[in-house]
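These are the residues of each chain, in order.
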Amino acid sequence: MRLSRLARTTLGIVTAIILVAVYVPLLVVLVNSFSTSTSLAWPPPGFTFEWWVRAFQSAGALEAVTTSVEVAIIATIVSLVLGTLISLALQRFDFFGRDAISLLVILPIALPGIITGIALNNFFRTIMGVPLSIWTVVIAHATFCIVTVFNNVIARLRRQGTNLEEASADLGAGVWTTFRLITFPQLRSALLAGGLLAFALSFDEIIVTTFTAGSGVTTLPIFILNNMFRPNQAPIVSVIAVVLVLVSIIPIYIAQRLSGSEQQHR
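Values in this document were obtained by computation on a predicted structure and should not be read as measured data.

Chemist: Now, about helix 1 (residues 5-32): what can you tell me, with residues and values included?
Modeler: Each full turn of the α-helix corresponds to 3.6 residues, which orients residues three or four apart in the same direction. Here helix 1 contains 28 residues, and its C-alpha end-to-end distance of 40 Å stays within 8% of the 40 Å for a straight helix at 1.5 Å per residue. Approximately 25° is the largest bend angle found in helix 1, and it occurs at Ala 21, with the proline Pro 25 only one to four residues beyond.

Chemist: Go over the side chain of Asn 121 with me, naming the residues and quoting the values.
Modeler: By the secondary structure assignment, Asn 121 is in helix 5 (residues 113-127). Discounting residues that sit within four places of it in the chain, Asn 121 has contacts with Thr 126, Leu 132, Phe 211 and Thr 212.

Chemist: For the packing of aromatic side chains, give the residues involved together with the corresponding values.
Modeler: Using the criterion set out here, one finds four aromatic pairs in the structure. Relative to Trp 52, the ring of Phe 34 lies with its centre 5.4 Å away and its plane at 25°, an arrangement referred to as stacked. Of the two residues, Phe 34 sits in the loop between helix 1 and helix 2 (50-57) while Trp 52 sits in helix 2, which places them 18 residues apart along the sequence. The class of Phe 34 is partly exposed, set by a relative accessible area of 23%. Ring geometry for Phe 123 versus Phe 124: centroids 5.6 Å apart, planes at 65°, classification edge-to-face. For Phe 123, a relative accessible area of 36% corresponds to the partly exposed category. Through pairs of rings, three or more aromatic residues link up here, namely Phe 34, Phe 49 and Trp 52.

Chemist: Report on the nonpolar core, specifying residues and quantitative values.
Modeler: Phe 203, Leu 220 and Ile 240 are the most contacted members of the largest nonpolar core, which totals 17 residues. For this core, the secondary-structure elements that each account for two or more residues are helix 2, helix 3 (59-92), helix 8 (175-203), helix 10 (220-227) and helix 11 (234-264). By size, the runner-up hydrophobic cluster in this structure holds 13 residues, among which are Leu 120, Phe 124, Leu 191 and Ala 198.

Chemist: Tell me about the layout of surface pockets, and please be specific about residues and values.
Modeler: Of the pockets and cavities examined, the largest pocket occupies roughly 340 Å³. Taken together, Leu 88, Arg 92, Phe 93, Glu 165, Glu 166, Ala 169, Ala 173, Gly 174, Val 175, Thr 178, Phe 179 and Thr 183 make up the lining of the largest pocket. The set of elements that each furnish at least two residues to the lining of the largest pocket consists of helix 3, helix 7 (163-170) and helix 8. At four residues, the largest contribution of residues to the lining of the largest pocket is made by helix 8. When grouped by side-chain class, the residues that make up the lining of the largest pocket number six nonpolar, three polar and three charged.

Chemist: Pulling in residues and values, what's your account of the environment of Gly 117?
Modeler: Inspection of the secondary structure puts Gly 117 in helix 5. Given the relative accessible area of 0%, Gly 117 is considered buried. Put simply, Gly 117 and Thr 209 are 92 residues apart on the chain and 7.3 Å apart in space, counted from C-alpha to C-alpha. Once residues lying within four places of it in the same chain are set aside, the contact partners of Gly 117 are Val 208, Phe 211 and Thr 212.

Chemist: Pulling in residues and values, what's your account of the environment of Ser 215?
Modeler: Mapped onto the secondary structure, Ser 215 falls in the loop between helix 9 (207-212) and helix 10. A C-alpha to C-alpha distance of 33 Å links Ser 215 and Leu 103, two positions 112 residues apart in sequence.

Chemist: Run through the side chain of Ser 68, naming residues and quoting values.
Modeler: In this fold, Ser 68 is placed in helix 3. Here Ser 68 falls in the buried class, since its relative accessible area comes to 2%. What Ser 68 contacts, discounting residues up to four positions off in sequence, is Phe 203, Thr 219, Leu 220 and Pro 221.

Chemist: How would you summarise the packing of helix 3 against helix 6 (residues 134-160) if you had to cite specific residues and measurements?
Modeler: For any two helices packed against each other, the geometry comes down to the angle between their axes and how far apart the axes lie. Two elements in contact, helix 3 and helix 6, have axes whose closest approach is 5 Å; the angle formed by their N-to-C orientations is 40°. Here helix 3 is positioned oblique relative to helix 6, judged by the angle of their axes. Helix-helix and strand crossings are classified by hand; for helix 3 and helix 6 the assignment is right-handed. Residue classes in the contact of helix 3 with helix 6 are distributed as 21 nonpolar, eight polar and three charged.

Rules behind the numbers
- Residues numbered from 1 in each chain as written.
- Predicted model: local features only at pLDDT ≥ 70, side-chain atom pairs only at ≥ 80, totals over all residues.
- Heavy atoms only, no water.
- Helix = DSSP H or I, 4+ residues; strand = E, 2+ residues; numbered from the N terminus.
- Expected span 1.5 Å × (residues − 1).
- Bend = angle between axes of the 7 residues up to and from the residue.
- Contact = heavy atoms within 4.5 Å.
- Phe/Tyr/Trp six-rings, centres within 6.5 Å; stacked < 30°, edge-to-face > 60°.
- Buried < 20%, exposed > 50% of the residue type's maximum accessible area, 1.4 Å probe, protein only.
- Core = buried A, V, L, I, M, F, W, Y, C linked by side-chain atoms within 4.5 Å.
- 1 Å grid on protein atoms, 1.4 Å probe; cavity = no way out; pocket = protein on both sides within 12 Å on 5 of 7 lines; lining within 4 Å.
- Points joined across faces, edges and corners; volume = space filled by probe spheres on them.
- Nonpolar A, V, L, I, M, F, W, Y, C, P; charged D, E, K, R; others polar.
- Axes fitted to C-alpha atoms, helices over the stretch in contact; angles between N-to-C directions.
- Parallel < 35°, antiparallel > 145°, perpendicular 65-115°, else oblique.
- Left-handed = near helix turned anticlockwise from the far one by under 90°.

If you want it as structure tokens, here you go:
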């Protein structure tokens, strides 16, 4: 379908406006992380690396980074295991309620974060009587990180079909041997892409984390929120925000490259 010249021009202008609205504020945050102004006056009166040095020497910031990485890694591992098992069950077997289960798996990422956070907070504290801790955050993150793994794996399973698995079974291989030698090698790039996306999604999540983290648990996004309006902390928060953006972009970029490579080899 060919668009008219007016339609192409309009689409280009709208796209440019959206990109400017999204990325110019990020550029401002990057510039502010080098500003000599403690109140982030604009334009910056000067530039310095002081805030980067102080940010990497901040015990609170380093502890928050460590907590976020720990939560993201554990949530990603849980998501990889459960997401793969659910994908195999829904794609390779036909049973009553399969479509309903598929919807329930995808639903957590479609719901507003505040709804998920309130629901999980009530579940942990009211129904289960479990005190909020880093483990409740991990479980909460896993509920929506599973979706990224599930979507990648089930899409790959649909594309590759069952011919090789059936041939392996016909030659006498058991279920585990077939999975290890046939199914898993074909899923590796999908699992890696899903895992990277799950890690990025967990690392910068704040809404659900706010409702499920205990008083002693501070992830990097919560650290930023708590220090954003404190005197003399704004430049350090800008530094941490830049690091957070970079940590989030890198896994997403790698996952996109993996998906693109797979499509080229099809």
